[in-house]
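Reading the structure
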Number of protein chains: 2
Amino acid sequence: MQNFDFYNPTRICFGEGQISKLNDLVPQNAKVLILLGGNSARANGTLSEVITALGEREYVEFNGIEPNPTFETLMDAVAEVKAHKIDFLLAVGGGSVIDGTKFVAAAAKYEGDAWDIMTSFGAKVESAMPFGSVLTLPATGSEMNSGSVVTKKSIKAKLPFMSPHVFPQFSVLDPVKTYTLPERQIANGVVDAFVHTTEQYLTYPVDAAIQDRFAEGILLTLIEQGPKALEKPMDYDVRANLMWAATSALNGTIGAGVPQDWATHMIGHELTALHDIDHARTLAIVLPSLLRHTKVAKKEKLLQYAERVWGINSGNDDERIDAAIDKTQDFFEELGIKTRLRDYQLNDTHIDALVEQLNTHGMVALGEHQNIDLVKSREILVGAL
Amino acid sequence: MQNFDFYNPTRICFGEGQISKLNDLVPQNAKVLILLGGNSARANGTLSEVITALGEREYVEFNGIEPNPTFETLMDAVAEVKAHKIDFLLAVGGGSVIDGTKFVAAAAKYEGDAWDIMTSFGAKVESAMPFGSVLTLPATGSEMNSGSVVTKKSIKAKLPFMSPHVFPQFSVLDPVKTYTLPERQIANGVVDAFVHTTEQYLTYPVDAAIQDRFAEGILLTLIEQGPKALEKPMDYDVRANLMWAATSALNGTIGAGVPQDWATHMIGHELTALHDIDHARTLAIVLPSLLRHTKVAKKEKLLQYAERVWGINSGNDDERIDAAIDKTQDFFEELGIKTRLRDYQLNDTHIDALVEQLNTHGMVALGEHQNIDLVKSREILVGAL
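Keep in mind it's a predicted model, so treat the numbers as computed, not measured. (Residues numbered from 1 in each chain as written. Chains lettered and ligands numbered in written order. Predicted model: local features only at pLDDT ≥ 70, side-chain atom pairs only at ≥ 80, totals over all residues. Heavy atoms only, no water.)

We now examine the packing of helix α8 (residues 209-231) of chain A against helix α12 (residues 299-308) of chain A. All names here are of chain A. It is the contact of α8 with α12, at a shortest axis distance of 11 Å, that shows an interaxial angle of 50°. Judged on the interaxial angle alone, α12 and α8 are oblique. Crossing geometry of α8 relative to α12 is assigned as right-handed. Counting all contacts with α8, which are made through Asp 212, Arg 213, Glu 216, Leu 219 and Leu 220, the residues of α12 involved are Lys 301, Gln 304, Tyr 305 and Arg 308. Of the residues contributing to the contact of α8 with α12, the split by class is 3 nonpolar, 1 polar and 5 charged. (Axes fitted to C-alpha atoms, helices over the stretch in contact; angles between N-to-C directions. Helix = DSSP H or I, 4+ residues; strand = E, 2+ residues; numbered from the N terminus. Parallel < 35°, antiparallel > 145°, perpendicular 65-115°, else oblique. Left-handed = near helix turned anticlockwise from the far one by under 90°. Contact = heavy atoms within 4.5 Å. Nonpolar A, V, L, I, M, F, W, Y, C, P; charged D, E, K, R; others polar.)

All names here are of chain B. With 5 of its 5 residues buried, strand β6 (residues 131-135) lies for the most part within the structure. A two-sided burial pattern is seen for β6, the buried positions comprising Phe 131, Ser 133 and Leu 135 on one face and Gly 132 and Val 134 on the other. In terms of strand pairing, strand β5 (residues 88-93) meets β6 through 5 bridges, oriented parallel. Each residue of the ladder has a partner; that of Leu 89, found in β6, is Phe 131. Where β6 lies against strand β9 (residues 170-173), 4 bridges are found, and the strand directions are parallel. (Buried < 20%, exposed > 50% of the residue type's maximum accessible area, 1.4 Å probe, protein only. Pairing = 2+ DSSP bridges.)

Okay, the sheet that holds strand β3 (residues 32-36) of chain A next. Reading across from one edge, β4(A)-β3(A)-β5(A)-β6(A)-β9(A)-β2(A)-β1(B) is the order of the 7 strands in this open sheet, with mixed pairing throughout. The outermost strands of the open sheet, each flanked by one partner alone, are β4 (59-62) of chain A together with β1 (4-6) of chain B. Neighbour to neighbour, the strand axes of the sheet diverge by 15° on average, direction disregarded. Here β3 of chain A runs beside strand β5 (residues 88-93) of chain A; their pairing, made up of 5 bridges, is parallel. Following the sheet pairing, Ile 34 of chain A is matched in β5 of chain A by Leu 90 of chain A. Running at roughly 170° to β3 of chain A, helix α3 (residues 46-54) of chain A makes contact with β3, β4, β5 and β6 (131-135) of chain A of the sheet. Contacting β2 (11-14), β6 and β9 (170-173) of chain A together with β1 of chain B, helix α9 (residues 236-249) of chain A crosses the sheet at an angle of about 170° to β2 of chain A.

A few words on the UniProt feature "domain: Fe-containing alcohol dehydrogenase-like C-terminal" (unreviewed entry) in chain A. UniProt marks residues 187-357 of chain A with the feature "domain: Fe-containing alcohol dehydrogenase-like C-terminal" (unreviewed entry), using the numbering shown here. For residues 187-357 of chain A, the end-to-end C-alpha separation is 27 Å, with 67% helix and 0% strand making up the annotated structure. (UniProt positions renumbered as here; feature names shortened; annotations may be inferred.)

Let us now look at the pattern of salt bridges. Close approach of charged atoms lets side chains of opposite charge pair. Evaluation of the coordinates by the stated rule reveals 34 salt bridges over all chains. In this structure, Lys 301 of chain A and Asp 212 of chain A form a salt bridge, with 3.0 Å as the shortest nitrogen-oxygen distance. Remark: Asp 212 of chain A occurs in helix α8 and Lys 301 of chain A occurs in helix α12; sequence separation between them is 89 residues. Both residues of the pair, Lys 301 of chain A and Asp 212 of chain A, belong to the buried class. A salt bridge links Lys 177 of chain B to Glu 49 of chain B, with the nearest nitrogen and oxygen atoms 2.7 Å apart. (Salt bridge = Lys/Arg side-chain N within 4 Å of Asp/Glu carboxyl O.)

Written as structure tokens, this is what we have:
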């Protein structure tokens, strides 16, 4: 096991009816900015439930945080914070709204050009406003971590930042709030959580027994619950398991003390930035090709994955690994998520621009061995055609 | 899944050499009380490593916290805190030292008779001194939770308390510090962590998929690593896995949103209070008998346990359950932990006094269904003769 620091102070209030706890969670005299995405929280009643729970507190709404939250929009929110002397932020939505709120929390306290936060990957963040979240879409894990991804439209750049100052103080997770989500978003969420898990698990062995077992537990749960979540949208326990699986996949638990490989995310970000493909779909495109490309380096963990997650015990090493990767890709397809670039009307003429973007963003040494350079990223993209 | 609140702000610094981080973790101007158990931290060099890491900070040592920390000793430590105007506590030891430090942290701030803390099970704790820990014995999980158990010698009472005010600010976990532990303590630690896990897992199903998988992952890890830890005391990865398994077993992760059954602990506490049997050994005595006694109520989870943890797939329901309980008991015995009261020179003449102690301490409705009354506790003890 590698040495690690683990710290996660976010309070989770999980279950039906937990939104009413906001009255205890938000400081009594806070002036609150409620940050929202599209219209769904308003349409399905979540927003009015939130406002009721806030009681007498003053609040201002900020609408329109995009699925890939943009710097441009978020800076408008920062202006609202200042104009209204807001002292608490409350994200109501999915990972994009929470990611965006993290940026607003940091940017509102930042002196200078707030884009520095992104280009320093968060290193320049020295403080942030307090905030909480009400999660409506299980997927990204942003509700219980200190990471965020923000897109600058003007330069088509989608970049991550992390800072210990942007843990939510609390997150409310009510599975009932996911009943009305479109199938597409549920399927995306399953794939996002699945790939978060593999990125912390499918690297090389460091004898981290607990982390491996927990990662396998999340993958088994997603394989079991994902299809059910599509079939039975109002099954409380299925939605609860999916929601908690997605949070558990990226709250630091399975990533403590193990190597990590975020290459799939980094390559996927460029697909979203240039071609506006849903984040999870970019992961479903990149991961199978990346695993095939790196199957020698990842051999031992892929064999463990084949056995413990997919129950594959027959065939030689290569056959078992290939079968596990095929099963992974089939799982995404069965959720209705296409896994090939051609499914999104992209072909080999689009690869150069994607590789160039990786270069521009410094993504030239990806993977757990920092050896996925631009040549290999190109091969991975070609493998996904 | 049941509704739950999860909150755990303890920072974990895990790995070889992490004690040097104390310089960053302890406030710069703190006056520190270092709380210690027996002589082992001094003898094996851990204490001097701690003192070196504390640099210029003033500190006072408090020695002699017992394996079952006593109210009487801990109140002496509270007096030291006041006499030396201490403002930070640092536990260096195993679960008993950390449990004791939690009590000192709360008692030093408590107005009135500090035993109130125990009789209110922590409800009366309104604040506590800040503290951290350097863990030397993987077992109790106290390094990353807000629970503690304290014994009042004068009345032979061993009681638990919990309070959100007594989370350690940080805990340093260096597996190397466990190399010199006696076999007995390692075996005890494996059993303690194992039973912590079963007490949150072997109840009734509530469709909590992640919590079940994580609990099974901890049990599988303990079964795999426990015997190795005895065979190869200086295998870093084995000790690291054991240490992280024990912490993970009781940091709230597997207990969130599921029923819990702490009857084994509560009955076991009386065995320690009256007969001074090691805590873990009392659990190894009580658990198999308790599982046999409650196997109808726990049927579904016991079948899941048989299959997923012990790989038992043949036989009818009863046979599979019996086999799983037998395997559990055999596992404890193979670690060198005796599992029968007679192994500790106790017989049926000792049962009355144990039951009377349970009554005195209000332990009259134990288990996930609160239906283990004194009659059933007696039967469980008789079953363990």
